[in-house]
Amino acid sequence: MDVAARAGVSQATVSLVLNGSPGARLSDATKSRVRAAAEAVGYRLTRRPAARQPVAEKLIGFIADELSTDPWMPLAFDGAREKALEYGVTMTLVSRQGEDDREDSVYEPLTRLPLHGLIFGTTLTRRVDPPKLLFDVPSVLVNCYDTRRRLPSVLPGDLLGGRAATQRLIAAGRRRVGLINGQSGIDASRDRLRGYRQALSSADIAFDPALVWPGNWEPTAGYEGTMAMMALEDPPDGIFCANDVMALGCYDALKELGLRIPQDIAVVGFDDREIAQFMRPPLTTFLLPHYEMGATAVQMLLDRAGGLTDLDQIKIECTLVERESG
């Protein structure tokens, strides 16, 4: 995170550059900036010898539901792989390629491997019905959960993140804070809205439903929601966009209205997408901690191997990435 802040890029970009990922489509200038930032803060990406090897001959399997649309599962895998390497444990990655995949065709190759444990991750934070294989070996869920709590899980702290994002705007002196939320029925949307309302309550600011726009995670929702709220008799002086992609549309609407960011309207996003650093002004946002979630999942598996069984659900903080829009 320190390297990312200094280089003005996302944490995902830092990971891709320092790990030398061959498929990363990054400019030479970006790569040089990341390496220079890492050098400046004294960061070294090292392959430490195994501190302990509970079952050195075994490996950890990572099952993801999606790898191409969003960066979240590749980033979680990257964090898991780095943590596993600290213990001398190898990881393997399998993609489900959709909900309709037959379990035997996707998971059968894993059953032939000497598994230390499994990590099961989803792009959207949601409830899942874990595949049977996950109950046959030690397993941890990442970015998803089993409502019956049969398996431990690692989730982002969306509620606290939504609260912190709203508090960030309130701390900047904004008293009419709008929310452009994500798709209805999604866990992240629900929790970020709850956090938003908690922050208003803590600041003794009345909740106004006219300042909440039901979005869809796309730029169009950011644009339409901003236009609708700015047309109110008492428009907002700050807007929390529940993801950075909707913040793009919010920016477009505010500029079309002739309003300055942040002088007239402060804007805070969420996710820390790659585009956030290139927006004008650069977008203040909150980091989705999928890298840390992957690393935590591996640590939980290793703890289970060491005899710790009292594991349930862990939520990882979504940290502020301070830029210039708020």
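Below, the structure is looked at part by part.

Rules used in this analysis
- Residues numbered from 1 in each chain as written.
- Predicted model: local features only at pLDDT ≥ 70, side-chain atom pairs only at ≥ 80, totals over all residues.
- Heavy atoms only, no water.
- Pairing = 2+ DSSP bridges.
- Helix = DSSP H or I, 4+ residues; strand = E, 2+ residues; numbered from the N terminus.
- Axes fitted to C-alpha atoms, helices over the stretch in contact; angles between N-to-C directions.
- Contact = heavy atoms within 4.5 Å.
- Salt bridge = Lys/Arg side-chain N within 4 Å of Asp/Glu carboxyl O.
- Buried < 20%, exposed > 50% of the residue type's maximum accessible area, 1.4 Å probe, protein only.

**A word on the sheet that holds strand S6 (residues 177-181)**
Reasoning step 1: Pairing in this open sheet of four strands is parallel, and the strands run S7-S6-S8-S9 from one edge to the other. Whereas interior strands pair on both sides, the edge strands pair on one side only; in this sheet they are strand S7 (212-214) and strand S9 (266-268). Each adjacent strand pair in this sheet contributes to an overall mean axis angle of 15°, direction not counted.
Reasoning step 2: Bridge analysis of strand S8 (residues 238-241) against S9 gives three bridges, and the strand direction is parallel. Its bridge partner being in S9, Phe240 is matched across the sheet by Val268.
Reasoning step 3: The strands that helix H8 (residues 219-230) touches are S6, S7 and S8; relative to S6, the one it contacts most, it runs at about 150°.
Reasoning step 4: On top of the sheet, helix H9 (residues 244-256) reaches S6, S8 and S9; it is set at about 150° to S8, its chief contact.

**Observations regarding the pattern of salt bridges**
Reasoning step 1: Scanning the model with the defined rule gives 19 salt bridges in all.
Reasoning step 2: Between Glu322 and Arg168 there is a salt bridge, and its shortest N-O distance comes to 2.8 Å. Of the two residues, Glu322 sits in the segment after strand S12 (320-321) while Arg168 sits in helix H6 (residues 158-171), which places them 154 residues apart along the sequence.
Reasoning step 3: Note on Arg168: relative accessible area 18%, which makes it buried.
Reasoning step 4: Taken together, the shared-partner salt bridges in this structure form one network comprising Asp187, Arg190, Asp191 and Arg194.

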